[in-house]
Amino acid sequence: MSELLEATMLICFGLSWPMNLIKNIKAKSAKNMSLRFISLIIIGYIAGITAKVINGAFNYVLVVYLLNLVIVSGNVVVYFINKKYDKQRENSTKIAA
């Protein structure tokens, strides 16, 4: 039962990450993104995965942890892409002025 509840929590929490990833891709700006926040979430998922591995709990909950980790890590990639977009806009504004 505890694994089912843990998986439910992870699924509910994890559903927000694809939406956040899509929003950040469309925004093409890192101004409203926090690399620190994303990093803390990644550390939390790594801790959860590590706990499962140490306990030998290789089950569907581990798969949910891994899926969430991959999606959140996608936000890190988008963060750096969006930082590049921000810098390009800043440079083009300086050139035009």
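Right, let's walk through the structure included here. (Residues numbered from 1 in each chain as written. Predicted model: local features only at pLDDT ≥ 70, side-chain atom pairs only at ≥ 80, totals over all residues. Heavy atoms only, no water.)

Here's the deal with the packing of aromatic side chains
Item 1. In this structure the tally under the stated criterion is five aromatic pairs.
Item 2. For the pair Phe13 and Trp17, a centre-to-centre distance of 6.1 Å together with 80 degrees between the ring planes defines the contact as edge-to-face.
Item 3. Taking the relative accessible area as the measure of exposure, Phe13 reaches 36% and is therefore partly exposed.
Item 4. Owing to a relative accessible area of 5%, Trp17 belongs among the buried residues under this scheme.
Item 5. Between Tyr79 and Phe80, the ring centres sit 5.2 Å apart and the planes meet at 85 degrees, which makes this aromatic pair edge-to-face.
Item 6. Using a relative accessible area of 11% as the deciding quantity, one classes Tyr79 as buried.
Item 7. Classification of Phe80 as partly exposed rests on a relative accessible area of 47%. (Phe/Tyr/Trp six-rings, centres within 6.5 Å; stacked < 30°, edge-to-face > 60°. Buried < 20%, exposed > 50% of the residue type's maximum accessible area, 1.4 Å probe, protein only.)

Regarding the packing of helix α1 (residues 2-14) against helix α2 (residues 16-27)
For any two helices packed against each other, one specifies the crossing angle of their axes together with the interaxial distance.
Item 1. Two numbers describe how α1 lies on α2: the axes approach to 5 Å, and their chain directions differ by 15 degrees. What the angle tells us is that α1 and α2 run roughly parallel. Contacts between α1 and α2 involve Cys12, Phe13 and Gly14 from the first element and Ser16, Trp17 and Pro18 from the second.
Item 2. Looking at side-chain class alone, the contact of α1 with α2 contains four nonpolar, two polar and no charged residues. (Axes fitted to C-alpha atoms, helices over the stretch in contact; angles between N-to-C directions. Helix = DSSP H or I, 4+ residues; strand = E, 2+ residues; numbered from the N terminus. Parallel < 35°, antiparallel > 145°, perpendicular 65-115°, else oblique. Contact = heavy atoms within 4.5 Å. Nonpolar A, V, L, I, M, F, W, Y, C, P; charged D, E, K, R; others polar.)

A short note on the pattern of salt bridges
Item 1. Taken as a whole and judged by the stated rule, the model has two salt bridges.
Item 2. A salt bridge links Glu6 to Lys52; the shortest N-O distance between them is 2.7 Å. Of this pair, Glu6 sits in helix α1 while Lys52 sits in helix α3 (residues 35-54), and the two are 46 residues apart along the sequence.
Item 3. Looking at Lys52, the relative accessible area reads 10%, which means it is buried.
Item 4. Between Arg89 and Asp86 there is a salt bridge; the shortest N-O distance is 2.7 Å. On the criterion of helical spacing, the pair formed by Arg89 and Asp86 is a turn pair, its members being three residues apart in helix α4 (residues 60-96).
Item 5. Judged by relative accessible area, which is 14%, Asp86 ranks as buried. (Salt bridge = Lys/Arg side-chain N within 4 Å of Asp/Glu carboxyl O.)

Focus on unusual backbone geometry
Item 1. At Lys28, a residue that is not glycine, the phi angle is positive and equals roughly 50 degrees.
Item 2. Inspection of the secondary structure assignment puts Lys28 in the loop between α2 and α3.

Describing α2
For an α-helix the count is 3.6 residues per turn, leaving residues at separations of three or four pointing the same way.
Item 1. Helix length check: α2, at twelve residues, gives a terminal C-alpha distance of 16 Å against a target of 16 Å (1.5 Å per residue), a fit within 8%.
Item 2. The set of residues buried in α2 consists of Trp17, Leu21 and Asn24. Down the axis of α2, the buried side of the element spans an arc of 70 degrees, and every buried residue falls inside it. Opposite the buried face of α2, by more than 90 degrees, sit the exposed residues Met19 and Lys26.
Item 3. Two residues or fewer past α2, Lys28 is found with a positive phi of approximately 50 degrees. (Expected span 1.5 Å × (residues − 1). Arc of directions from axis to C-beta.)

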